[in-house]
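# Survey of secondary and tertiary structure
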Amino acid sequence: MTWDADLYQRALRFAASAHGSQKVPGTGHPYVVHVCMVCAEVLQAPGLDTDLALQCALLHDTLEDTDCSAEALEAAFGPAVLQGVQALTKRADLPKPEAMADSLRRIQACPPEVAAVKLADRITNLQEPPAFWKAEKRTRYREEARAIHAALAPACPFLGERLARKIESYGEYL
């Protein structure tokens, strides 16, 4: 597997700048730690266009969680990365359950690298939840992970299997 370190570094700098002083919820870690962890998951998956997957992994939350515009993202990384990041971005104008289902449908219409990023994102997020999460939220989060797995695991079986194991082990937090 080969990938372009210059593209990775450019996307990492862009993500770090866009996320600024944001922190990973429930931790003191800079948000860029999360996107790098998603990249680590993606790098394990065989058979992907690694450059597209890594750029989407690093940038996956920029449209949803920052003031970065779609135009700026496309100008910096092109239409394929923009399409992937847009699919990974839940629409704010939809109720939460509908927003996830809509995003999953849009991800399924993209190359498998985009599904791999969503799988990797949820794998990364199935760590010990923030202490302030109530049992009901933890249970909903696990169920949402099951929906992600059902919709996207066929696109990247390696990460699909890894997510299945993480969903199972997340039961210790319920």
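Below is a short write-up of the structure.

Check the secondary structure of the protein and you find ten helices and zero strands. Listing each helix as α and each strand as β along the protein from the N terminus yields α-α-α-α-α-α-α-α-α-α. Considered along the principal axes of its C-alpha atoms, the protein spans approximately 40 × 35 × 30 Å. The buried share among the 174 residues of the protein stands at 44%.

All told, the structure shown has nine salt bridges when counted by the stated rule. Between Glu 144 and Arg 122 there is a salt bridge, and its shortest N-O distance comes to 2.6 Å. With Glu 144 in helix H9 (residues 135-152) and Arg 122 in helix H8 (residues 112-125), the pair connects residues that are 22 residues apart, well separated along the chain. On the basis of relative accessibility, which here comes to 3%, the residue Arg 122 falls in the buried class. A salt bridge links Arg 146 to Glu 143, with the shortest nitrogen-to-oxygen separation between them at 2.5 Å.

Counting 48 residues, the largest nonpolar core has Val 42, Leu 59, Leu 73, Ile 107 and Leu 159 as the members making the most contacts within it. Among residues more than four places away in sequence, those in contact with Val 42 are Leu 48, Ala 53, Leu 54, Ala 57, Ala 116, Val 117, Ala 120 and Leu 159.

Let us look at helix H7 (residues 96-108). Over its 13 residues, H7 runs 19 Å from end to end, which matches the ideal 18 Å to within 8%, given 1.5 Å per residue. Turning to H7, its buried residues number three or more, namely Ala 99, Met 100, Asp 102, Ser 103, Leu 104 and Ile 107. Close packing links the buried residues of H7 with helix H6 (79-88), H8 and H9.

Taken N-terminus to C-terminus, the directions of H7 and H9 make an angle of 25°; their axes are 10 Å apart at the nearest point. Relative to H9, the element H7 is oriented roughly parallel. For H7 against H9, the interelement crossing comes out right-handed. Contacts between H7 and H9 involve Met 100, Leu 104, Ile 107 and Gln 108 from the first element and Glu 144, Ala 147, Ile 148, Ala 151 and Leu 152 from the second.

The next point concerns H8. If you check H8, its first and last C-alpha atoms are 20 Å apart, about what 14 residues at 1.5 Å a residue would give, namely 20 Å. Among the 14 residues of H8, twelve are classified as buried, and the element is accordingly described as predominantly covered. For H8, the complete set of buried residues consists of Glu 113, Val 114, Ala 115, Ala 116, Val 117, Lys 118, Leu 119, Ala 120, Asp 121, Arg 122, Ile 123 and Thr 124.

Moving on, we come to the packing of aromatic side chains. One pass over the full model with this rule turns up five aromatic pairs. Arranged with centres 5.2 Å apart and planes meeting at 90°, the rings of Phe 14 and Phe 77 form a pair that is edge-to-face. With Phe 14 in helix H1 (residues 5-19) and Phe 77 in helix H5 (residues 70-77), this residue pair connects regions lying 63 residues apart in the sequence. A relative accessible area of 11% places Phe 77 in the buried class. Taken together, a centroid distance of 6.5 Å and an interplanar angle of 50° make the contact between Tyr 141 and Tyr 170 tilted. With a gap of 29 residues between them, Tyr 141 in helix H9 and Tyr 170 in the segment after helix H10 (157-169) connect regions that are remote in the sequence. If you follow Arg 122 out to its NZ or CZ, it ends over the ring of Tyr 141, 3.9 Å from the centre.

Moving on, we get to the side chain of Gln 55. Its place among the elements puts Gln 55 in helix H3 (residues 50-59). Taking relative accessible area as the criterion, Gln 55 reaches 8% and is therefore assigned buried. With residues up to four places along the chain from it excluded, the contact list for Gln 55 reads Leu 7, Ala 11, Phe 77 and Val 81.

Between H8 and H9, whose axes approach to 10 Å, the crossing angle comes to 155°. With respect to H9, the axis of H8 lies roughly antiparallel. Taken as a pair, H8 and H9 cross one another with a handedness that is left-handed. Counting all contacts with H8, which are made through Ala 115, Lys 118, Leu 119, Arg 122 and Asn 125, the residues of H9 involved are Tyr 141, Glu 144, Ala 145, Ile 148, His 149 and Leu 152. Residues of the contact of H8 with H9, tallied by class, amount to six nonpolar, two polar and three charged.

Rules used in this analysis
- Residues numbered from 1 in each chain as written.
- Predicted model: local features only at pLDDT ≥ 70, side-chain atom pairs only at ≥ 80, totals over all residues.
- Heavy atoms only, no water.
- Helix = DSSP H or I, 4+ residues; strand = E, 2+ residues; numbered from the N terminus.
- Buried < 20%, exposed > 50% of the residue type's maximum accessible area, 1.4 Å probe, protein only.
- Salt bridge = Lys/Arg side-chain N within 4 Å of Asp/Glu carboxyl O.
- Core = buried A, V, L, I, M, F, W, Y, C linked by side-chain atoms within 4.5 Å.
- Contact = heavy atoms within 4.5 Å.
- Expected span 1.5 Å × (residues − 1).
- Axes fitted to C-alpha atoms, helices over the stretch in contact; angles between N-to-C directions.
- Parallel < 35°, antiparallel > 145°, perpendicular 65-115°, else oblique.
- Left-handed = near helix turned anticlockwise from the far one by under 90°.
- Phe/Tyr/Trp six-rings, centres within 6.5 Å; stacked < 30°, edge-to-face > 60°.
- Lys NZ or Arg CZ within 6 Å of the ring centre and 35° of its normal.
- Nonpolar A, V, L, I, M, F, W, Y, C, P; charged D, E, K, R; others polar.

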